[in-house]
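Overview (structure and organization)
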Amino acid sequence: MESQLTPIEKPHKKILEKGIFTVTLVAIVGSLLSRWLKIDYSWFSIISIIIYIGLAYLIGLKQNLKTTLWSIIKLGLYDSVVGLLLSLWLEANFSGFEKKLYQYGIIGWMFIIILQIACSIILGLIGYGIAMKKNSNKNPTS
């Protein structure tokens, strides 16, 4: 009789899944609210910044820098592709910079993806740094 191998659960993957869900929710709700209330969709980036830093913090408490940054990069890639498509599909109220980028087609999309990943790395480093600070305060070495 063959025994079934149980895959090892990686806690950072569960946290990343929750982050992806949250980013999706912000894209949907933010797009609808920006259209209905006639406010600029970019205001919802404040919530995204909090999500990125928080996610990096939570993963950084238990994982190393490499795992934390790869998780945040995956979130940034997802956000720059799926989040953007959702906001376009739901006709979010964009103004200025975003509207101009969409007019450039694939070049504009590539710029958005690269910029989003760069920002996610910076925010990931901030969240990871906060996690390391908390871990060092918790485990003083004297």
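Every value quoted in this text rests on a predicted model; they were computed, and no experiment measured them.

**Brief notes about the overall build of the protein**
Summing up its helical and strand segments, the protein has five helices and zero strands in all. Reading the protein from its N terminus to its C terminus gives the helix and strand order α-α-α-α-α. For the protein, the proportion of its 142 residues judged to be buried stands at 36%. Long-range contacts, defined here as pairs at least 24 residues apart, represent 76% of the contacts in the protein between residues at least 6 apart. Within the structure as shown, the protein displays about 9,500 Å² of accessible surface, and the carbon and sulfur contribution to it stands at 69%.

**Re the side chain of S48**
In this structure, S48 sits in helix 2 (residues 45-62). Here S48 falls in the buried class, since its relative accessible area comes to 15%. Excluding its chain neighbours within four sequence positions, the residues that come into contact with S48 are V26 and D79.

**Here's the deal with the packing of helix 2 against helix 5 (residues 106-138)**
How two helices sit against one another is set out by the angle between their axes and by the gap between those axes. Remark: helix 2 packs on helix 5, axes separated minimally by 7 Å, with the N-to-C direction vectors making an angle of 45 degrees. Looking at the two axes, helix 2 sits oblique to helix 5. As for how helix 2 packs across helix 5, the hand of that crossing is right-handed. Here helix 2 contributes I49, Y52, I53, A56, Y57, G60 and L61 to the contact with helix 5, which in turn contributes Q116, S120, L123, G124, I126, G127, Y128, I130, A131, M132, K134 and N135. Looking at the contact of helix 2 with helix 5 residue by residue, the class counts come to 12 nonpolar, six polar and one charged.

**Structural notes on the packing of aromatic side chains**
Under the counting rule described, the total for this entry stands at one aromatic pair. Judged by centre distance (6.1 Å) and plane angle (40 degrees), the rings of Y41 and F44 are tilted. Judged by relative accessible area, which is 13%, F44 ranks as buried.

**Re the pattern of salt bridges**
Evaluation of the coordinates by the stated rule reveals one salt bridge. Note that E91 and R35 form a salt bridge whose closest N and O atoms lie 3.8 Å from each other. You can see E91 sitting in the loop between helix 3 (65-89) and helix 4 (97-102) and its partner R35 sitting in helix 1 (residues 11-37), a full 56 residues away along the chain. Using a relative accessible area of 52% as the deciding quantity, one classes E91 as exposed.

**Side note on the packing of helix 1 against helix 3**
Taken N-terminus to C-terminus, the directions of helix 1 and helix 3 make an angle of 25 degrees; their axes are 10 Å apart at the nearest point. When the axes of helix 1 and helix 3 are compared, the pair comes out roughly parallel. Relative to helix 3, the crossing made by helix 1 is right-handed. Here H12, L16, G19, I20, V23, T24, A27, I28 and S31 of helix 1 come into contact with helix 3, specifically with T67, S71, K74, L75, Y78, D79, G83, L86 and S87. Looking at the contact of helix 1 with helix 3, its residues break down into eight nonpolar, eight polar and two charged.

Analysis parameters
Residues numbered from 1 in each chain as written. Predicted model: local features only at pLDDT ≥ 70, side-chain atom pairs only at ≥ 80, totals over all residues. Heavy atoms only, no water. Helix = DSSP H or I, 4+ residues; strand = E, 2+ residues; numbered from the N terminus. Buried < 20%, exposed > 50% of the residue type's maximum accessible area, 1.4 Å probe, protein only. Contact = heavy atoms within 4.5 Å. Areas by Shrake-Rupley, 256 points an atom, 1.4 Å probe, with all protein chains shown as cover. Axes fitted to C-alpha atoms, helices over the stretch in contact; angles between N-to-C directions. Parallel < 35°, antiparallel > 145°, perpendicular 65-115°, else oblique. Left-handed = near helix turned anticlockwise from the far one by under 90°. Nonpolar A, V, L, I, M, F, W, Y, C, P; charged D, E, K, R; others polar. Phe/Tyr/Trp six-rings, centres within 6.5 Å; stacked < 30°, edge-to-face > 60°. Salt bridge = Lys/Arg side-chain N within 4 Å of Asp/Glu carboxyl O.

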